[in-house]
Amino acid sequence: MLVGMGAVATTLVAGVEAVRKGIAKPIGSLTQMSTVRLGKRTDARSPLIKDFVPLARLEDLCFTGWDIFPDNMFEAASTAQVLDRDQLEIIRPFLEGIRPLCSVFDQYYVKRLNGRNVKRGKNKRDLAEQIRADIRAYKKETARQVMIWCGSTEIFLTPTEVHSSIEAFEKGMEENDINIAPSMLYAYAALMEGIPFANGAPNLTVDLPVMQELSRRNSAPITGKDFKTGQTFIKTVLAPAFKARMLGVSGWYSTNILGNRDGEVLDDPESFKTKEESKLSVLDFILQPELYPDLYKDLYHKVRINYYPPRGDNKEGWDNIDIFGWLGYPMQIKVDFLCRDSILAAPIALDLVLFLDLAARTPELKDLGIQEWLSFYWKSPMTAPGLYPEHDLFIQLMKLKNTLRHIKGESLITHLGLEYYD
Ligand SMILES: NC(=O)c1ccc[n+]([C@@H]2O[C@H](COP(=O)([O-])OP(=O)(O)OC[C@H]3O[C@@H](n4cnc5c(N)ncnc54)[C@H](O)[C@@H]3O)[C@@H](O)[C@H]2O)c1
């Protein structure tokens, strides 16, 4: 169940159908292409993840969702202009069959958008109940469900009293509390219906005590937030490398140009603030300036996003990194990533949906609430209260694969390896 049928959602659905038809490969998806090593290096056991754990098969996936625009998925994919026209034509009938349900939307939370495919209700609680009714109708057609937020980035909000408990939140919905954004109504509806929820945007949404309580109570796993796709993906690879070699970093300037609807929404300062917070936190956690003041305490970190329509979804992300080495001598690294936003995001969204569905069926995971083992996919990984998030991509990958080994009763891989020299 996709909330928001824009560039990411349509690229995901079109991609799944293209793979099912045998006209493309699921590149970028761990659940479809990655293996997991089991036992000793000498055992030569490396099954595909999808053969190792009981994931839903692509053939069995169905899609529905909501959007503020009434366009079907073919029209929405055509507007997004991510995939080639020729490729879209092959799967056109399938995409035309998926029409968005009426959404819950309020322009106060996304200033640059306005659409007419929007529900009316007497208050926010009534709107959440209408989403629950949509879910219950879909439950009649499908065996299991997962909800993923692929909607626009909402304005910056911070947790308040109204988010502190289920009672406070329900009262707040009745009173139309301004701190309750539409994304929270979808999350509330999903969790009340016992459905796992993933948050692809940097909004608070499920990053709130009320949602964590509901998630645990109803055994509906949650994960978030903000897909780690382009620049932050590279940042969480490079920063651990500098720290591993004890190289200093004095500055990291990141700028982006992109011209899709996401870029337009992020052109609004209030939505950008939500994204900026998510992008900025990464370096501090990885570099740990409090442990290494000589190397990182004066690091100047800046992130910019510029809306530039000619580029569409084909974002360009530049990084200028000022580092220093032995005796403090300065060096520079420049990264120019000519990426495609939704091509990077779609396989992440697919994996998250499949892994959340797995978590909901796994006794060791289903009652935990936050699924920290999925940090690999996020710019701002959610953690239990009081824990700092793990941002290093390779630690995140090890955590993910060790979780799969753990739930299947296989020994964890520690990379100690002394036994090979006995
Ligand atoms: N593509 C990436 O690399 C990437 C990475 C990280 C995060 N994200 C986030 O993922 C989200 C989706 O990105 P996108 O490129 O598909 O954007 P998009 O603008 O193409 O699609 C978002 C869709 O959500 C719809 N929408 C907004 N509010 C809604 C609501 N309340 N209910 C239902 N639908 C709603 C919009 O109408 C739009 O169709 C954005 O928040 C973006 O910041 C994307």
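Structure: above.
Because the structure is a prediction, the values reported are computed rather than measured.

Calculation notes
- Residues numbered from 1 in each chain as written.
- Predicted model: local features only at pLDDT ≥ 70, side-chain atom pairs only at ≥ 80, totals over all residues.
- Heavy atoms only, no water.
- Core = buried A, V, L, I, M, F, W, Y, C linked by side-chain atoms within 4.5 Å.
- Buried < 20%, exposed > 50% of the residue type's maximum accessible area, 1.4 Å probe, protein only.
- Helix = DSSP H or I, 4+ residues; strand = E, 2+ residues; numbered from the N terminus.
- Contact = heavy atoms within 4.5 Å.
- Salt bridge = Lys/Arg side-chain N within 4 Å of Asp/Glu carboxyl O.
- 1 Å grid on protein atoms, 1.4 Å probe; cavity = no way out; pocket = protein on both sides within 12 Å on 5 of 7 lines; lining within 4 Å.
- Points joined across faces, edges and corners; volume = space filled by probe spheres on them.
- Nonpolar A, V, L, I, M, F, W, Y, C, P; charged D, E, K, R; others polar.
- Pairing = 2+ DSSP bridges.
- Axes fitted to C-alpha atoms, helices over the stretch in contact; angles between N-to-C directions.
- Patch = residues over 30% accessible without salt bridge, like charges linked within 9 Å, V, L, I, M, F, W, Y side chains within 5 Å.
- Areas by Shrake-Rupley, 256 points an atom, 1.4 Å probe, with all protein chains shown as cover.
- Near = heavy atom within 4 Å.
- Polar contact = N/O pair within 3.5 Å; in protein donor to acceptor, adjacent residues only side chain to side chain.

Draft legend 1. Up close: the nonpolar core. Residues Leu 2, Phe 227, Phe 355, Leu 374, Tyr 377 and Leu 404 are the most contacted members of the largest nonpolar core, which totals 56 residues. Within the residue set of this core, elements represented by two or more residues are helix 1 (7-20), helix 3 (49-52), helix 4 (73-80), helix 15 (341-360) and helix 17 (393-407). Take this core: its biggest share by element is 12 residues, from helix 15. When residues no more than four places from it in sequence are discounted, the contact partners of Tyr 377 are Leu 30, Asp 226, Phe 227, Lys 228, Ile 348, Asp 351, Leu 352, Phe 355 and Leu 400. If you look at the next biggest cluster of nonpolar residues, it comprises 42 residues, including Val 104, Met 173, Ala 190 and Leu 208.

Draft legend 2. Summary view of the pattern of salt bridges. Across all of its chains, the model carries 25 salt bridges by this definition. Between Lys 111 and Glu 270 there is a salt bridge, with its nearest N and O atoms 3.4 Å apart. Separated by 159 residues along the polypeptide, Lys 111 in the loop between strand 3 (101-102) and helix 7 (124-141) and Glu 270 in helix 13 (residues 269-287) bring together distant segments of the chain. When its relative accessible area of 32% is taken as the criterion, Lys 111 is described as partly exposed. One salt bridge connects Glu 175 with Lys 171, and the closest N-O pair in it is separated by 3.5 Å. For Glu 175, a relative accessible area of 53% puts it in the exposed group.

Draft legend 3. Inspection of empty space enclosed by the protein at higher detail. Overall, the coordinates contain one cavity of 30 Å³ or more when judged by the stated rule. If you add up the space inside the largest cavity, you get close to 30 Å³. Around the largest cavity, the lining residues are Thr 229, Gly 230, Gln 231, Thr 232, Phe 233, Lys 279, Lys 315 and Lys 379. Element by element, the count of residues in the lining of the largest cavity is highest for helix 11 (residues 231-244), at three residues. The residue inventory of the lining of the largest cavity, partitioned by class, reads one nonpolar, four polar and three charged.

Draft legend 4. Broad picture of the sheet that holds strand 8 (residues 300-307). Strand order in this open sheet of four strands is 8-7-9-10, and the pairing throughout is mixed. Each having just a single partner strand, strand 8 and strand 10 (330-338) make up the two edges of the open sheet. Across the sheet, the mean angle from the axis of one strand to that of its neighbour is 10°, orientation sign disregarded. Sheet analysis places strand 9 (residues 316-324) next to strand 10, joined by nine bridges and oriented antiparallel. Counterpart to Phe 324 in the pairing with strand 10 is Pro 330. Of the strands in this sheet, strand 7 (248-258) and strand 8 are in contact with helix 13, which crosses strand 8 at around 150°.

Draft legend 5. Structural context of the pairing of strand 9. Most of strand 9 sits out of view: seven of its nine residues are buried. Pairing of strand 7 with strand 9 involves nine bridges; the strand directions are antiparallel. Its bridge partner being in strand 9, Thr 255 is matched across the sheet by Trp 318. Between strand 9 and strand 10, which pair antiparallel in sequence order, lie five residues; one of them, Leu 327, sits at a positive phi of approximately 65°.

Draft legend 6. Highlighting a nonpolar patch on the surface. On the surface, a nonpolar cluster with roughly 510 Å² of combined accessible area is contributed by Trp 326, Leu 327 and Tyr 329. Relative to the helices and strands, Tyr 329 resides in the loop between strand 9 and strand 10. For Tyr 329, a relative accessible area of 57% corresponds to the exposed category.

Draft legend 7. How the structure looks around the sheet that holds strand 2 (residues 65-67). Read across the open sheet, the six strands follow the order 3-2-1-4-5-6; overall the sheet is parallel. Each end of this open sheet is capped by a strand with a single partner; those strands are strand 3 and strand 6 (222-224).

Draft legend 8. Quick look at unusual backbone geometry. With an omega of -5°, the peptide bond between Gly 224 and Lys 225 qualifies as cis. Within the secondary structure, Lys 225 is located in the loop between strand 6 and helix 11. A positive phi angle is found at Ala 44, which is not glycine, with a value near 55°. Within the fold, Ala 44 resides in the loop between helix 2 (30-33) and helix 3. With relative accessibility at 71%, the residue Ala 44 sits in the exposed group. Residue Thr 205 is not a glycine yet carries a positive backbone phi of 50°. Relative to the elements of secondary structure, Thr 205 occurs in the loop between strand 5 (197-199) and helix 10 (209-217).

Draft legend 9. Fine view of the site of the ligand. Surveying the vicinity of the ligand reveals 32 residues, the closest of which are Val 8, Asp 67, Val 104, Gly 151 and Thr 229. Interatomic distance of 2.8 Å between a backbone N/O atom of Ala 7 and an oxygen atom of the ligand. Between the ligand and Thr 153 there is a distance of 2.9 Å, counted from an oxygen atom to a side-chain nitrogen or oxygen. Here the ligand, which alone exposes 840 Å², has 98% of that area covered by the protein. For the shell around the ligand, the secondary-structure elements that each account for two or more residues are helix 1, strand 2, helix 9 (182-192), helix 12 (261-266) and helix 15. Its residues assigned to classes, the shell around the ligand comprises 17 nonpolar, eight polar and seven charged.

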